[in-house]
Amino acid sequence: MSKFPSTKPILTITVQMKSLRLLFERNSSPAKTTSSSPKFKRPKPSSISNGSDSSQSSSSQDPLKTHFSSLIKSTETTLQLRQIHAQILRRHLSSSANLTTLLISVSSSLKSIPYALSIFNHSHHKSLFLFNALIRGLTENSHFQSSVSHFLLMLRHRVRPDKLTYPFVLKSVAGLGLRFLGLILHGRIIKSGVEFDSFVRVSLVEMYVKLEEMGFALQLFDESPERNKSESILLWNVLINGCCKVGDLEKAMELFEAMPERNIGSWNSFINGLMKNGDLNKAMQLFDEMKEKDVVSWTTIVNGLSQNGNHQKALSMFFKMLEVGLRPNDLTLVSALSACAKIGALEAGVRIHNYFVENGLRLNKATAAALVDMYAKCGNILSASKVFEETKEKDIRTWSVMIWGWAIHGFYGQAIRCFKKMMFSGIKPDAVVFLALLTACSHSGQVDLGLNFFDSMRFDYSIEPTMKHYTLVVDLLGRAGRLDEAMKFIQKMPISPDFVAWGALFCACRAHKNIKMAELVSEKLLQLEPKHPGSYVFLSNVYAAVGRWEDVERVRTLMQNQAVGKDPGWSYIEVNGQVHSFVAGDHDHKRAREIYLKLEEIVSGAREQGYMPETGWVLHNIEEEEKEDALGSHSEKLALAFALMNTSPGTTIRIVKNLRVCGDCHSLMKCASKMSQREIILRDIKRFHHFKYGVCSCGDYW
């Protein structure tokens, strides 16, 4: 089987473009549109046929046709539509262009495109209105290539497009990324005399924006008559959105301030653009200035804040939205749940889940997957599993987040069982599912099983592995101490290993104290990213682990000369519905003194249990007492002390950390769980650690 994608769609479009050019050249005289409406409004399925041929006009006077027309418009399912269609055929009314157009329009709105195409193909008289209904339906259901094909068919039938045709064809062209075809269409529109129609003008500008041809989009806007600019707020909004898309915030601001009139969409477009470009302060300022806010406004803010890493603020804004009485949409809910997942805000996530239940909201594929993901990443894998089991409609995304959940919690058996259930349900795995399976095997030391999954992905499902898959295999072999195999594997990869792949091997070298291989791998890391702090920190850690302090200082000096800084460790913890963050060595917290005193108490108690600070995790060749002080300021320890101070006995403690947990913190967490008789759930960058009764769920294999 060829690894190259099929060229058939590309060849088809190329042939279509040539045909289109020939047709345009053959019929270059200005087309007269059959529609006489002076001002365009977006047609609804029920109004597409207005003002068509004589059969359509007469239908308004035919009681039977009027009756069927009303039935079609009120149809809610494809089955009902088919039954009505059958009655139309029985009464020999299939020649009615009005009814046929309505059938196509409604079947498209019900997302039954094959049925719409069947109706169209069996129609003997293919009028402008029939073509318009089909092209619109195809476009709105993202069947862009078919939309363009039927536009070409329309020209072959010598049916002249009108101002209702072009907007949807332009959208399809933009969706396919066909710049050349877009230019040809633009020329045709000019010859047709509809370039200044409001909807056509907006669609042209929007096409150029989507094709990232901002020069053409701005030129079109500048050349637009004042009538277009004053009547169409949408024209301004589309252009502002385009400027934000390419990062030209200055031009976007200029347009925003010059608008003769703004609607909520104008504010939302600009705020969304600012969020996507990372200008949170300006976005929040504009949001506060808005006199009227709709659900899109709030969703833009919640999603934007979460996408920019300000998850606490995103959740705060979400709950404010509920307080003002606005009902969130699916994107709002998914964005809020994603924010909960990122910082481990389980209590906030439960509140959102309760909102679903209290308001009778039905879980769909997107919200169900977001809920499962939230519970899994907030450390409550049992609740994630319960939501998953209660979800009736499961797609590949829903299954993959559940398998991921089991994997990152170290339950490889459940991950495999979930995978098998997915297969039995008829859903084929994708690349993401195999990433989850490899992760599950890596965390549990199931090397041979993991290698089998890797081979199955390639040979049984023809899924080409990505760098992430190769990196996980390196990690799988490395964790198990099979370093020579890992090195051979990385050297034989068909794609050049990146920093992360070599980093996985480096971590394994450090864990198994293979200094010779670690030095070799470190050279590769420094070649790939000489400014990346990880390269230096990894090597320093290896030398420190075996007491080679001169080498540690040499690496640290090199790090300083290269002006490379180490990313600080931070941890989040949610206490009584409030998320608190701690940075390594943090003394800024208002209760810092109490926190450090509590930490001393924990360490003292742990020593009685046999705990000894593992000072090998500290890089400096300094006195043992100073090393212990350095270890004592790790962010997860500060979070633990704060939680023990502020939660009642028996409460599960959940901590989220941005880096991999060090061996010393891991040992202290085990002792703390035994002393406090509490379960401590720690999520680091790799996986979950469930500490209970002095034991960790990872079995010290991490």
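Residues numbered from 1 in each chain as written. Predicted model: local features only at pLDDT ≥ 70, side-chain atom pairs only at ≥ 80, totals over all residues. Heavy atoms only, no water.

Undergrad: Looking at this structure, I do not really get empty space enclosed by the protein. What am I missing?
TA: Over the atoms, a rolling probe the size of a water molecule traces out where space has been left empty. Scanning the entire structure with this criterion turns up 1 cavity of 30 Å³ or more. Looking at the largest cavity, its volume works out to about 30 Å³. Lining the largest cavity are Gly-344, Lys-377, Cys-378, Gly-379, Arg-654, Ile-655, Val-656, Arg-683 and Phe-688. Here the lining of the largest cavity takes 3 residues from strand E3 (residues 653–657), the largest share from any one element. Its residues placed into classes, the lining of the largest cavity shows 4 nonpolar, 2 polar and 3 charged. (1 Å grid on protein atoms, 1.4 Å probe; cavity = no way out; pocket = protein on both sides within 12 Å on 5 of 7 lines; lining within 4 Å. Points joined across faces, edges and corners; volume = space filled by probe spheres on them. Helix = DSSP H or I, 4+ residues; strand = E, 2+ residues; numbered from the N terminus. Nonpolar A, V, L, I, M, F, W, Y, C, P; charged D, E, K, R; others polar.)

Undergrad: In this structure, what is going on with the nonpolar core? I would like to understand it.
TA: In a soluble, globular protein the nonpolar side chains are often hidden away together inside. Counting 173 residues, the largest nonpolar core has Ile-72, Phe-270, Leu-315, Ile-352, Ile-403 and Leu-505 as the members making the most contacts within it. In this view, Ile-72 contacts Leu-81, Ile-84, Ile-88, Leu-99, Leu-102, Leu-103 and Val-106; residues no more than four positions away in its chain are not counted. Counting 32 residues, the second largest nonpolar core, distinct from the first, contains Val-575, Ala-606, Ile-653 and Leu-668. (Core = buried A, V, L, I, M, F, W, Y, C linked by side-chain atoms within 4.5 Å. Buried < 20%, exposed > 50% of the residue type's maximum accessible area, 1.4 Å probe, protein only. Contact = heavy atoms within 4.5 Å.)

Undergrad: I'm lost on the packing of aromatic side chains in this one. Help?
TA: By the definition in use, this model includes 19 aromatic pairs. Through a chain of ring-to-ring contacts, three or more aromatic side chains come together here, namely Phe-419, Phe-434, Phe-453 and Tyr-461. When the ring centre of Tyr-115 is taken as origin, the NZ or CZ atom of Arg-82, which lies over that ring, is 4.2 Å away. The ring of Phe-221 is capped by Lys-229, whose NZ or CZ atom sits 4.7 Å from the centre of that ring. (Phe/Tyr/Trp six-rings, centres within 6.5 Å; stacked < 30°, edge-to-face > 60°. Lys NZ or Arg CZ within 6 Å of the ring centre and 35° of its normal.)

Undergrad: Would you mind going over helix H23 (residues 381–390) with me for this structure?
TA: Each α-helix turn comprises 3.6 residues. Residues three or four places apart therefore point the same way. Inspection of H23 places Ile-381, Ala-384, Ser-385, Val-387 and Phe-388 among the buried residues, and these make up the whole buried set. Buried residues of H23, viewed axially, fall in a sector of 165 degrees; they line one side. Facing away from the buried side of H23 by more than 90 degrees, the exposed set consists of Leu-382, Lys-386 and Glu-390. Residues of H23 that are buried sit in contact with helix H21 (346–358), helix H22 (365–377), helix H24 (396–408) and helix H25 (412–424). (Arc of directions from axis to C-beta.)

Undergrad: Sorry, what's going on with the pattern of salt bridges here?
TA: For side chains bearing opposite charge, pairing can occur when the charged atoms are close. Counting across every chain of the model gives 16 salt bridges. Here Glu-140 ties to Arg-136 by a salt bridge, and the two come within 3.1 Å at their closest N and O atoms. Of this pair, Glu-140 and Arg-136 both sit in helix H7 (residues 128–140), 4 residues apart, which is roughly one turn of that helix. Arg-136 sits in the buried class, given a relative accessible area of 13%. (Salt bridge = Lys/Arg side-chain N within 4 Å of Asp/Glu carboxyl O.)

Undergrad: What exactly am I supposed to notice about helix H26 (residues 431–444) here?
TA: Look at H26: 20 Å from first C-alpha to last across 14 residues, which is about the 20 Å you get at 1.5 Å a residue. Of all 14 residues in H26, 11 are buried; the element is thus mostly enclosed. Three or more residues of H26 are buried, namely Val-433, Phe-434, Leu-435, Ala-436, Leu-437, Leu-438, Thr-439, Ala-440, Cys-441, Ser-442 and His-443. Summarising the contacts, the buried residues of H26 are in contact with H24, H25, helix H27 (447–459) and helix H28 (467–479). A positive phi of about 75 degrees marks Gly-445, the residue just after H26. (Expected span 1.5 Å × (residues − 1).)

Undergrad: For this particular structure, what's the right way to read unusual backbone geometry?
TA: What is expected of a backbone is that most residues other than glycine have negative phi and most peptide bonds are trans. Even without a glycine there, the phi angle at Arg-158 is positive, about 60 degrees. Here Arg-158 shows up in the loop between helix H8 (144–156) and helix H9 (166–176). Taking relative accessible area as the criterion, Arg-158 reaches 63% and is therefore assigned exposed.

Undergrad: Is there a simple way to think about the sheet that holds strand E2 (residues 578–583) in this case?
TA: Think of a sheet as strands paired side by side through backbone hydrogen bonds, with each pair either parallel or antiparallel. The 6 strands lie next to each other as E2-E1-E3-E4-E5-E6, forming an open sheet whose pairing is mixed. Looking along the sheet, the strands with just one partner apiece sit at the ends: E2 and strand E6 (695–696). In the sheet, E3 pairs with strand E4 (residues 680–683) via 4 bridges, with the strands oriented parallel. Bridging across to E4, Ile-653 finds its partner in Ile-680. (Pairing = 2+ DSSP bridges.)

Undergrad: Whenever I open this one, the layout of surface pockets confuses me. Can you help?
TA: One number sums up the size of the second largest pocket: a volume of about 510 Å³. In terms of lining residues, the second largest pocket is bounded by 21 residues, among which Asp-373, Lys-377, Ile-408, Arg-683 and Ile-685 are the most central. Listed by contribution, the elements that provide at least two residues to the lining of the second largest pocket are helix H20 (330–343), H22, H24 and E3. Take the lining of the second largest pocket: its biggest share by element is 6 residues, from H24. A class-by-class count of the residues in the lining of the second largest pocket yields 9 nonpolar, 2 polar and 10 charged.

Undergrad: Help me understand the pairing of E4, please; the structure alone is not making it clear to me.
TA: Taken residue by residue, a regular strand's side chains alternate between the two faces of the sheet. The alternating pattern of E4 places Ile-680 and Leu-682 on one face and Ile-681 and Arg-683 on the opposite face, and all of these are buried. For the crossover from E3 across helix H37 (residues 663–676) to E4, the handedness is right-handed. Counting the residues that bridge the hairpin from E4 to strand E5 (residues 688–692) gives 4 residues. (Right-handed = clockwise from strand over helix to strand, strands pointing away.)

Undergrad: Where do I start with the side chain of His-353 in this structure?
TA: Counting through the fold element by element, His-353 comes out in helix H21. Here the side chain of His-353 touches Tyr-375 through a polar contact of 2.8 Å, side chain to side chain. Beyond its immediate stretch of four places on either side in the chain, His-353 contacts Leu-371, Tyr-375 and Val-387. (Polar contact = N/O pair within 3.5 Å; in protein donor to acceptor, adjacent residues only side chain to side chain.)

Undergrad: How should the UniProt feature "repeat: PPR" (unreviewed entry) in the chain be read in this particular structure?
TA: In this numbering, the UniProt entry assigns the feature "repeat: PPR" (unreviewed entry) to residues 232–262, 263–297 and 395–429. Secondary structure within residues 232–262 divides into 74% helix and 0% strand; the distance between the first and last C-alpha atoms comes to 10 Å. (UniProt positions renumbered as here; feature names shortened; annotations may be inferred.)

Undergrad: What am I meant to see in a positive patch on the surface here?
TA: Taken together, the side chains of Lys-171, Lys-210, Lys-245 and Lys-276 present a region of like positive charge at the surface. Lys-245 gets classed as partly exposed once you look at its relative accessible area, which sits at 45%. (Patch = residues over 30% accessible without salt bridge, like charges linked within 9 Å, V, L, I, M, F, W, Y side chains within 5 Å. Areas by Shrake-Rupley, 256 points an atom, 1.4 Å probe, with all protein chains shown as cover. Lys, Arg positive; Asp, Glu negative; His and termini not counted. Charge placed at Lys NZ, Arg CZ, Asp CG, Glu CD.)

Undergrad: Any chance you could explain the environment of Val-521 here in plain terms?
TA: Mapped onto the secondary structure, Val-521 falls in helix H31 (residues 515–528). Using a relative accessible area of 0% as the deciding quantity, one classes Val-521 as buried. Sequence separation between Val-521 and Gly-503 is 18 residues, and the spatial gap between their C-alpha atoms is 8.0 Å. Among all residues touching Val-521, those that are not within four sequence positions of it are Met-487, Trp-502, Leu-505 and Phe-506.

Undergrad: When you look at the packing of H26 against H27 in this model, what are you seeing that I'm missing?
TA: When two helices pack together, their arrangement is given by the angle between their axes and by how far apart the axes lie. Between H26 and H27, the least distance of the axes is 8 Å, while the angle of their chain directions is 165 degrees. The angle between H26 and H27 falls in the class roughly antiparallel. Of the two elements, H26 crosses H27, and the hand of that crossing is left-handed. Across the interface between the two elements, Phe-434, Leu-437, Leu-438 and Cys-441 from H26 touch Leu-449, Gly-450, Phe-453, Phe-454 and Met-457 from H27. (Axes fitted to C-alpha atoms, helices over the stretch in contact; angles between N-to-C directions. Parallel < 35°, antiparallel > 145°, perpendicular 65-115°, else oblique. Left-handed = near helix turned anticlockwise from the far one by under 90°.)

Undergrad: What is the right way to look at the packing of H26 against H28 in this model?
TA: Contact geometry for H26 and H28: axes closest at 9 Å, N-to-C directions at 10 degrees. Taken as axis vectors, H26 and H28 run roughly parallel relative to one another. Residues Ala-431, Phe-434, Leu-435, Leu-438, Thr-439, Cys-441, Ser-442 and His-443 of H26 form the contact with H28, whose own contacting residues are Lys-468, His-469, Leu-472, Val-473, Asp-475, Leu-476 and Arg-479.

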